[in-house]
Amino acid sequence: MNRCAWVSATWLLLAAGTGPALAQGRVEDSARDAVYPCPKPAGAALLQEAAKLYPAKYDKNKFGCSADLFFEAAQAAPGDLALNVQALLVTTEYIDSINTLWDFDLYGIRQPEWAARLEHAVAQGRILDGRVAAGVPHDPTALAARALFQLSAGAKTVDAKTQIAGSRQAMGQLREATAADPSLLGGSALLALARLYYELPEFMGGDADEAQRLLEQGLKVAPKNPSLVRYAAFVQAQEHHVPAAKALLALMPDLQAEPPDLQNLVDELRNARDLSMRLGDEPLRERLNQRRDALLRQHPELLTRASTAANMHGGVDPITGKPY
């Protein structure tokens, strides 16, 4: 058994109580949960195990182990650049999943765990990123993979100045990648570029009109990508194009997903439901909620994204898992 997740001495000290107290401190030793057993088979079985664990994105330990095993396979085959790109993409997805778990930990109760997991995954991602950059600097998929890693890696752990610099670098990489292939990564590369254009201020390179153009292009090349459809609806709502926003949201209950992407579909249906509430469309909200509830019943292993609670307010008790 190989303990693939690694906890830095800093976070172990915090978990032991020798560092500053963290918000609400309900689980001061949560950094220990960033250490998980991860079998490391030999030879071809390594990649087989990584691929077997990959669909379980709802399980932070299985997903983390999958990312670790892809990294180990890439380390064993540094000349296999396609494998290294794949490992970087899986690592980035895992980082995104931890960022999301941190978002729903409203009071920072498990912050040491999330920080330790990110430290471990980002360190591996940087090794992969460097190898991919040196080996295939202008390959569209490699450029997109590197850009997505850049955006995810510092989302929780770097200062604003570093984030801005990373966003600008990622924007350039995504422009080059999507110019070569707009449908890259099922539309996710184009979505990431559109989000940068929409969310960055103009003086940093933002351009709302360009973002909308990219989203329109994305809906043509990847009309079944739930994240792209939902974000396009959000932008339409932000721009006060309510009928267009509702029309896009109405597409979402009919979207399907393979097992590795079911968690994302459920999450985006939640986001779409909340947006429909903001738009005041109760029938649409109910339709989106019914579809999401049906998926959760069919796949009880999926995360519901109930936020944690503290001091008897909101979400679920992080100790018992029950609602307050």
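Residues numbered from 1 in each chain as written. Predicted model: local features only at pLDDT ≥ 70, side-chain atom pairs only at ≥ 80, totals over all residues. Heavy atoms only, no water.

### Looking at the overall build of the protein chain
- A count of helical and extended segments in the protein chain gives 13 helices and two strands.
- Partitioning the contacts of the protein chain with sequence separation of at least 6, the portion at a separation of at least 24 is 64%.
- Summing over all exposed atoms, the protein chain offers an accessible surface of approximately 15200 Å²; the carbon and sulfur share of this is 54%. (Helix = DSSP H or I, 4+ residues; strand = E, 2+ residues; numbered from the N terminus. Contact = heavy atoms within 4.5 Å. Areas by Shrake-Rupley, 256 points an atom, 1.4 Å probe, with all protein chains shown as cover.)

### Re the pattern of salt bridges
- Following the criterion strictly, the structure yields 19 salt bridges and no others.
- The partner of Arg 230 in a salt bridge is Glu 268, and the shortest N-O contact between them spans 2.7 Å. A residue pair is termed long-range when its members are at least 10 positions apart, and Arg 230 in helix H10 (residues 226-238) and Glu 268 in helix H12 (residues 262-278) qualify at 38 residues.
- Classification of Arg 230 as buried rests on a relative accessible area of 13%.
- Arg 287 serves as the salt-bridge partner of Asp 254, at 3.3 Å between the closest nitrogen and oxygen. Highlighted residues: Asp 254 in the loop between helix H11 (242-249) and H12 and Arg 287 in helix H13 (residues 282-298), separated in sequence by 33 residues.
- The exposure class assigned to Arg 287 is partly exposed, which follows from its relative accessible area of 33%. (Salt bridge = Lys/Arg side-chain N within 4 Å of Asp/Glu carboxyl O. Buried < 20%, exposed > 50% of the residue type's maximum accessible area, 1.4 Å probe, protein only.)

### Observations concerning the packing of helix H2 (residues 45-53) against helix H3 (residues 60-76)
- Running from amino to carboxyl end, H2 crosses H3 at an angle of 150°, the nearest separation of the two axes being 8 Å. Taken together, the axis directions place H2 and H3 in an arrangement best described as roughly antiparallel. Here the hand of the crossing between H2 and H3 comes out left-handed. In this structure, H2 uses Leu 46, Leu 47, Glu 49, Ala 50, Ala 51 and Leu 53 to contact H3, whose residues at the interface are Lys 62, Cys 65, Ser 66, Leu 69, Phe 70, Glu 72 and Ala 73. (Axes fitted to C-alpha atoms, helices over the stretch in contact; angles between N-to-C directions. Parallel < 35°, antiparallel > 145°, perpendicular 65-115°, else oblique. Left-handed = near helix turned anticlockwise from the far one by under 90°.)

### Observations regarding the side chain of Gln 236
- Looking at where Gln 236 falls in the secondary structure, it is placed in helix H10.
- Gln 236 gets classed as buried once you look at its relative accessible area, which sits at 17%.
- The contact partners of Gln 236, leaving out residues within four places of it in the chain, are His 241, Ala 244, Ala 245 and Leu 248.

### Let's talk about the state of the cysteines
- According to the stated counting rule, one finds one disulfide in the structure shown.
- Note on cysteine connectivity: Cys 38 is disulfide-linked to Cys 65, with sulfurs 1.8 Å apart. An S-S torsion of about 80° defines the bridge between Cys 38 and Cys 65 as right-handed. Note that Cys 38 is positioned in strand S2 (residues 37-38) and Cys 65 in helix H3, a separation of 27 residues in sequence.
- According to the relative accessible area criterion, Cys 38 is buried, its value standing at 0%. (Disulfide = S-S within 2.5 Å.)

### Topic: the nonpolar core
- Ranked by size, the top nonpolar core spans 47 residues in total, and within it Leu 174, Leu 215, Leu 249 and Met 252 carry the most contacts.
- Among the secondary structure elements, those contributing two or more residues to this core are helix H6 (140-153), helix H7 (160-180), helix H8 (188-199), helix H9 (208-221), H10, H11, H12 and H13.
- A total of nine residues in this core trace back to one element, the largest contributor, which is H8.
- Leave out the neighbours within four places in its chain, and Leu 249 touches Ala 233, Ala 272, Leu 275, Ser 276, Leu 279, Leu 284 and Leu 288.
- In terms of nonpolar packing, the next biggest core, distinct from the first, is built from 35 residues, Leu 53, Leu 83, Trp 114 and Phe 149 among them. (Core = buried A, V, L, I, M, F, W, Y, C linked by side-chain atoms within 4.5 Å.)

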